[in-house]
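Secondary and tertiary structure notes
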Amino acid sequence: MSKEEYVEKIVRDILNGEMKLENFVEEHFELVEKYEMLSNTYSMFCEDYLNPKSYKFEDLKAGMWVWCEKYDRCVQIVKTRIYEYDTGCFYKGQKLVRVYTNHDFGWDDIPFEENRFYPIHIAKRGVSDV
């Protein structure tokens, strides 16, 4: 049914008393609300995909796969922790992330840095595109 045919049908139904104008107006605004909600959801999804934000330390969870900018590949988070001692490598209170790297040891403890870990869809585009 074309737009013109649909409008003619609605007008005919209203004039014949088969549809109340109030019902039509209510239905119209319900559809507009649904459209706006879907449009906003789609916009937010596109924004998250096209302009991803790096993960905060608190966002990283064990078992999570992330894109690591420094390693230039996806890694799996083994655990996160705040270092308790001062040593030659790390200092007390430093945020550490243990990642599974599949290197000789299988995992690395690395200091958390801002703008290092991203959602894995970055792997297809590359962080330099962000």
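Structure shown above.
Everything quoted here is computed from the prediction, not taken from an experiment. (Residues numbered from 1 in each chain as written. Predicted model: local features only at pLDDT ≥ 70, side-chain atom pairs only at ≥ 80, totals over all residues. Heavy atoms only, no water.)

Across four bridges, the pairing between strand 1 (residues 65–68) and strand 2 (residues 73–82) is antiparallel. Within strand 2, the position partnered with Cys68 by the bridge is Arg73. Counting the residues between successive antiparallel strands, the hairpin from strand 1 to strand 2 contains four residues, one of them, Asp72, with a positive phi of roughly 60 degrees. (Pairing = 2+ DSSP bridges. Helix = DSSP H or I, 4+ residues; strand = E, 2+ residues; numbered from the N terminus.)

Okay, the sheet that holds strand 2 next. What the five strands build is an open sheet, ordered 4-3-2-1-5; its pairing is antiparallel. Among the strands making up the open sheet, the edge pair consists of strand 4 (107–111) and strand 5 (117–118). Pairing between strand 2 and strand 3 (residues 95–100): six bridges, direction antiparallel. In the strand pairing of strand 3, Ile77 is matched with Val99.

Right, let's talk about the layout of surface pockets for a bit. Approximately 190 Å³ is the volume attributed to the largest pocket. As for the largest pocket, its lining consists of Tyr6, Val7, Ile10, Val11, Ile14, Phe24, Glu27, His28, Leu31 and Val32. Looking at the lining of the largest pocket residue by residue, the classes come out as eight nonpolar, one polar and one charged. (1 Å grid on protein atoms, 1.4 Å probe; cavity = no way out; pocket = protein on both sides within 12 Å on 5 of 7 lines; lining within 4 Å. Points joined across faces, edges and corners; volume = space filled by probe spheres on them. Nonpolar A, V, L, I, M, F, W, Y, C, P; charged D, E, K, R; others polar.)

We now examine the packing of aromatic side chains. The tally for this structure, following the rule as stated, stands at three aromatic pairs. Plain terms: the ring middles of Phe112 and Phe117 are 6.3 Å apart, the flat faces sit at 20 degrees to each other, and that makes the pair stacked. Comparing Phe112 with Phe117, the two get one shared label, buried. Cluster of aromatic residues (ring-pair linked, three or more members): Phe57, Phe112 and Phe117. Its end group placed over the ring of Trp107, Arg98 keeps NZ or CZ at 3.7 Å from the ring centre. Above the plane of the ring of Tyr71 lies Arg116, whose end atom (NZ or CZ) is 5.5 Å from the centre. (Phe/Tyr/Trp six-rings, centres within 6.5 Å; stacked < 30°, edge-to-face > 60°. Buried < 20%, exposed > 50% of the residue type's maximum accessible area, 1.4 Å probe, protein only. Lys NZ or Arg CZ within 6 Å of the ring centre and 35° of its normal.)

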